[in-house]
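# Fold and contact review
Spelled out, the chains give:
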Amino acid sequence: MKILGIETSCDETAASVVTDDARGEARILSNVVLSQLDEHRPYGGVVPEIAARSHLDHIDRIVEEAMSEANVDFSELDAVAATGGPGLIGGVIVGVMTAKAIALTHNLPFVAVNHLEGHALTVRLNEQVDFPYLLLLVSGGHCQLLAVEGIGKYKRLGTTIDDALGEAFDKSAKLLGLGYPGGPHVEKAALKATNPDRFKLPSPMKGKPGCDFSFSGLKTAVRQAAEALPPGPFKEEDLNDLCAAFQTAAADSLVNRCKNAIKMFKQDYPGGNTLVVAGGVAANQAIRSRLTELCDKEKMQMVAPPLKLCTDNGAMIAWAGLEAFKAGQRDDLSFAPRPRWPLDPDAPKAAYAGGKKA
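A brief report on the enclosed structure follows. These figures come from a predicted structure and were not determined experimentally.

### Quick word on the overall build of the protein chain
Along the backbone of the protein chain there are 10 helices and 10 strands. Taking 358 residues into account, the globule formula puts the C-alpha radius of gyration at 21 Å, and the protein chain, at 20 Å, falls close to it. Over its C-alpha atoms, taken along the principal directions, the protein chain stretches across nearly 65 × 50 × 35 Å. In the protein chain, buried positions account for 57% of the 358 residues. In the protein chain, the share of contacts with a sequence separation of at least 24, taken over all contacts with a separation of at least 6, comes to 74%.

### Considerations on helix α6 (residues 182-191)
For α6, every residue scored as buried is listed here: G182, G183, V186, E187, A189 and A190. The buried residues of α6 occupy an angular sector of 165° when the element is viewed end-on, so they sit on one face. Along α6, the residues that are exposed and aim more than 90 degrees away from the buried face are P184, K188 and L191. Against α5 (165-175), α8 (236-268) and α9 (285-297) lie the buried residues of α6.

### So, the sheet that holds strand β8 (residues 153-159)
Within a sheet, neighbouring strands are paired by backbone hydrogen bonds and run either parallel or antiparallel to one another. The strand order β8-β7-β6-β9-β10 describes an open sheet built from five strands, whose pairing is mixed. Across the chains shown, the open sheet's two edge strands, defined by having one partner strand only, are β8 and β10 (301-303). Going from strand to strand, the sheet's axes swing by 25° on average, the running direction of each strand aside. Bridge analysis of strand β6 (residues 133-138) against strand β9 (residues 274-278) gives four bridges, and the strand direction is parallel. For L134, the partnering residue across the bridge sits in β9 and is L275. Where α8 meets the sheet, it contacts β6, β7 (143-150) and β8, and its direction lies at approximately 155° from that of β6.

### Here's the deal with unusual backbone geometry
For the bond running from G85 to P86, omega is -10°, close enough to zero to count as cis. Structurally, P86 is set in the loop between β4 (79-85) and α3 (89-105). For the peptide bond that leads from Y180 to P181, omega is 0°, which places it in the cis range. With respect to the element layout, P181 can be found in the loop between α5 and α6. Of note, the phi angle at M205 is positive, near 70°, even though the residue is not glycine. With respect to the helices and strands, M205 occurs in the loop between α6 and α7 (216-227). Given a relative accessible area of 18%, M205 falls into the buried group. Phi at K299 takes a positive value of approximately 55°, unusual for a residue other than glycine.

### Concerning the pairing of strand β3 (residues 26-35)
Inspection of the sheet shows strand β2 (residues 12-20) paired to β3 by nine bridges, in the antiparallel sense. Among the inter-strand pairings, T13 is bridged to a residue of β3, identified as L34. Taking the residues between adjacent antiparallel strands as the criterion, β2 and β3 are bridged by five residues, where G24 takes a positive phi near 85°.

### Let's talk about the sheet that holds strand β5 (residues 110-114)
Strand order in this open sheet of five strands is β3-β2-β1-β4-β5, and the pairing throughout is mixed. Two strands in the sheet have a free side with no partner beyond their single neighbour: β3 and β5. Going across the sheet, the axis of each strand differs from the next one's by a mean of 20°, ignoring polarity. As paired strands, strand β1 (residues 2-7) and β2 are joined by six bridges and run antiparallel to one another. The residue of β2 that forms the bridge with L4 is V17. Sheet strands touched by helix α2 (residues 48-70): β1, β2 and β3. Its angle to β2, the strand with the most contacts, is close to 25°.

### Focus on the environment of R156
For R156, the location among the structural elements is in strand β8. Sequence spacing of R156 and S68 is 88 residues, and the spatial spacing of their C-alpha atoms is 39 Å. Only 2.8 Å separates the side chain of R156 from the backbone oxygen of P348, close enough to count as a polar contact.

Conventions and cut-offs
- The numbers attached to residues start from 1 for each chain and follow its sequence in the written order.
- It should be noted that, the model being predicted, local features are given only for residues of pLDDT at least 70 and side-chain atom pairs only at 80 or more, the latter also being counted only at that level, while totals for whole chains, interfaces and linings use all residues.
- The side-chain figures draw on all heavy atoms in the structure; neither hydrogens nor water molecules are used.
- Under the scheme used here, helices are H or I runs from DSSP no shorter than 4 residues and strands are E runs no shorter than 2 residues, and both carry numbers assigned from the N terminus.
- In this setup the radius of gyration rests on C-alpha atoms only. A globule is expected at 2.2 Å times the number of residues raised to 0.38.
- Exposed residues in this analysis have more than 50% of their type's maximum accessible area, buried residues have under 20%, and partly exposed residues fall in between, with area computed by a 1.4 Å probe over protein chains only.
- Contact criterion: two residues are considered in contact whenever any of their non-hydrogen atoms come within 4.5 Å of each other.
- Taking the helix axis as origin, the arc is that swept by the directions to the C-beta atoms.
- Strand pairing follows a simple DSSP-based rule, namely that at least 2 bridges must link the two strands.
- Note on geometry: axes are C-alpha line fits, over the in-contact stretch for helices, and angles between N-to-C directions span 0 to 180 degrees.
- Any pair of nitrogen or oxygen atoms within 3.5 Å is treated as a polar contact; in protein, a donor-acceptor pairing is required on top of that, and neighbouring residues in sequence qualify only through side-chain atoms on both sides.

Next comes the structure, spelled out in structure tokens:
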């Protein structure tokens, strides 16, 4: 089975062709990603209108490159999938309309993929991870803990009550003059810290019951620590130590929240023993290491996608589309793109669960 996947939910224009064999083992035939970082960098974040126009300018070429790299003709596809939400609605519209046009022209089934489910299932592209598993979805727009029961079956255990961790990385980096996107810059600076314990920053929600997250207070603490430094340009050693403190506080919070979630997960799913970490922040090596240590203590297996599949890409949408298609999902061409699309529609409403922030 071969599926074309299209991803345009934020600031990457991406397309991929993914296939599986008779045993269900996946193979990525192509995975073309065009980043818009240079277009958004002057603004320190993603500008929705710029993102949508860029997707419109490049989507046809990116799809063409993905098909050519895969050496596949449209007649050989079994279906075409696209991110149907959540995301910046202008970009989502571009991807959905492109996929619909391909489906209509080549008489192919269309599959609308929840962007969050794309992240949730990516790990199954490379490893045999059975349901159910616990998922930490942590990125620039999302921070959630969910029990993944199967394709399209999710139970939310916790979500951010304000900012996503990736957003906190970006805004802290911007405050410190480190550039955009913030995650890689903060991680790189933290590795060079000579006194990583120098700044004492709070670990939001640590010690509190439940699995919800909060990172707005951590951003404020970074600003206050920066303002307390001597006037003038930041010294490199100050930046490095402050970034290390931020990263440690963030990891402490994630570990604490995940520890609570593991306890809840084991009670509801005694046979589950895997924590999957997905999303852009899953590429942070310090956070991966801390979560691996936690899982070792809790007798859980920690699994994360390869670094290149942590950030938004077409392969994760193609694979989620393939899994959904095999499960019987087909979407009508009247499907409407969604700016919000929670994985667990029955969970209590939360401001930052199921929507992507710019």
